[in-house]
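Each chain, letter by letter, is given below.
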Amino acid sequence: MSRSAWTGYAAITLAVWFNIPYAVLAVIFDYPAILRRSALDVLARFEAGGAALLLSWYAFALAALALLPLAVSMAITRQRLAARPALAIGAAIAGALAGVTQAIGLLRWVFAVPRLAHEAAKGDPAAAAAAAQAFDMLNAYGGVAVGEHLGQLLTALFVGQVALLQRADSYRRTAVAGFATAAMLTLGTGEGLAMALEQNGGIFSLATIAGFLGLTLWLIASGISLIRRA
């Protein structure tokens with residue numbers, strides 16, 4: 001099987017993969033709506049979730065990391081390196097960084113939040129208050145700033161650059177889907193800024209949902225195009 005076909009199947013697989021833990025978390029953890037509740041409520045729900053919840057977050061983080069090799073394979077080919085080296089390499093770097101930053105944000109649920117949840121569940125009001133404060137800080141930086149804001153911006157940059165490469169390769173429909181996805185993901189990053197300014201970021205949240213739905217469809221469409229090319 002050619003590299004193009006392998007990359008196509010990998011793109012489709014990732015599109016399905018990262019939606020599975022997301023759907024599981026929506027069912028068992030009320031994600032992402034639960035993030036708008038108090039820290040103590042989130043920690044109590046996490047503590048009650050047990051191993052199944054922790055492993056769901058781990059699977060989600062692995063899906064983000066899987067974007068790293070896929071981004072390189074989708075962006076770089078011999079023809080693109082010859083014709084548009086800066087764009088191809090830039091897309092690969094942006095996609096790799098997007099996978100790493102989003103994984104960093106998600107892995108806080110695996111290695112940091114469990115300890116905070118245990119502390120909050122001990123019944124000591126002072127320990128619970130300290131755990132809640134630590135969770136808020138961790139969520140603001142590791143979650144909103146690194147995972148959601150920076151990771152989402154890098155994902156938008158990766159998709160937009162690959163869409164430019166696809167347009168140059170005459171895959172215009174896939175490119176249009178990529179441009180729309182990148183625009184929605186970029187708009188969605190405004191939610192973090194709105195939260196920092198203590199403003200309502202609801203419209204940006206909807207843009208994020210639309211952006212990741214678009215990312216799913218774009219990955220599938222790109223995968224089909226690569227398989228057909230092979």
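Please refer to the structure higher up on the page.
Small disclaimer: the values here were computed from a predicted structure and weren't measured.

Draft legend 1. Just the side chain of Thr 101, in detail. Mapping Thr 101 onto the fold places it in helix α6 (residues 85–111). In this structure, Thr 101 is in contact with Val 146, Gly 147, Leu 150, Gly 151 and Leu 154, ignoring residues within four places of it in sequence.

Draft legend 2. Broad picture of a nonpolar patch on the surface. On the surface, Trp 17, Leu 55, Tyr 58, Leu 62, Leu 65, Leu 68, Val 72, Val 100, Ile 104 and Phe 111 cluster together to form a nonpolar patch covering roughly 840 Å² of accessible area. The element that contributes the greatest number of residues to the nonpolar patch is helix α3 (residues 39–65), accounting for four residues. Relative to the assigned elements, Trp 17 resides in helix α1 (residues 3–17).

Draft legend 3. Main features of the side chain of Thr 208. As for its placement among the helices and strands, Thr 208 is situated in helix α11 (residues 202–229). A polar side-chain atom of Thr 208 sits 3.1 Å from a polar atom in the side chain of Gln 152. In this structure the side chain of Thr 208 is engaged in a polar contact, spanning 3.3 Å, whose partner is the backbone oxygen of Gly 188. Setting aside anything within four residues of it in sequence, one finds Thr 208 in contact with Gln 152, Met 184 and Gly 188.

Draft legend 4. Broad picture of the pattern of salt bridges. According to the stated counting rule, one finds three salt bridges in the structure shown. Across the salt bridge formed by Glu 191 and Arg 36, the nearest N and O atoms sit 2.6 Å from each other. Placement of the pair is Glu 191 in helix α10 (residues 190–196) and Arg 36 in the loop between α2 (19–29) and α3, with a sequence separation of 155 residues. Where Glu 119 meets Lys 122, a salt bridge forms, and the shortest distance between an N and an O atom there is 2.9 Å. Taking relative accessible area as the criterion, Lys 122 reaches 57% and is therefore assigned exposed.

About the cut-offs
- Residues numbered from 1 in each chain as written.
- Predicted model: local features only at pLDDT ≥ 70, side-chain atom pairs only at ≥ 80, totals over all residues.
- Heavy atoms only, no water.
- Helix = DSSP H or I, 4+ residues; strand = E, 2+ residues; numbered from the N terminus.
- Contact = heavy atoms within 4.5 Å.
- Patch = residues over 30% accessible without salt bridge, like charges linked within 9 Å, V, L, I, M, F, W, Y side chains within 5 Å.
- Areas by Shrake-Rupley, 256 points an atom, 1.4 Å probe, with all protein chains shown as cover.
- Salt bridge = Lys/Arg side-chain N within 4 Å of Asp/Glu carboxyl O.
- Polar contact = N/O pair within 3.5 Å; in protein donor to acceptor, adjacent residues only side chain to side chain.
- Buried < 20%, exposed > 50% of the residue type's maximum accessible area, 1.4 Å probe, protein only.

Remember, this is a structural readout, not a statement about activity or role.
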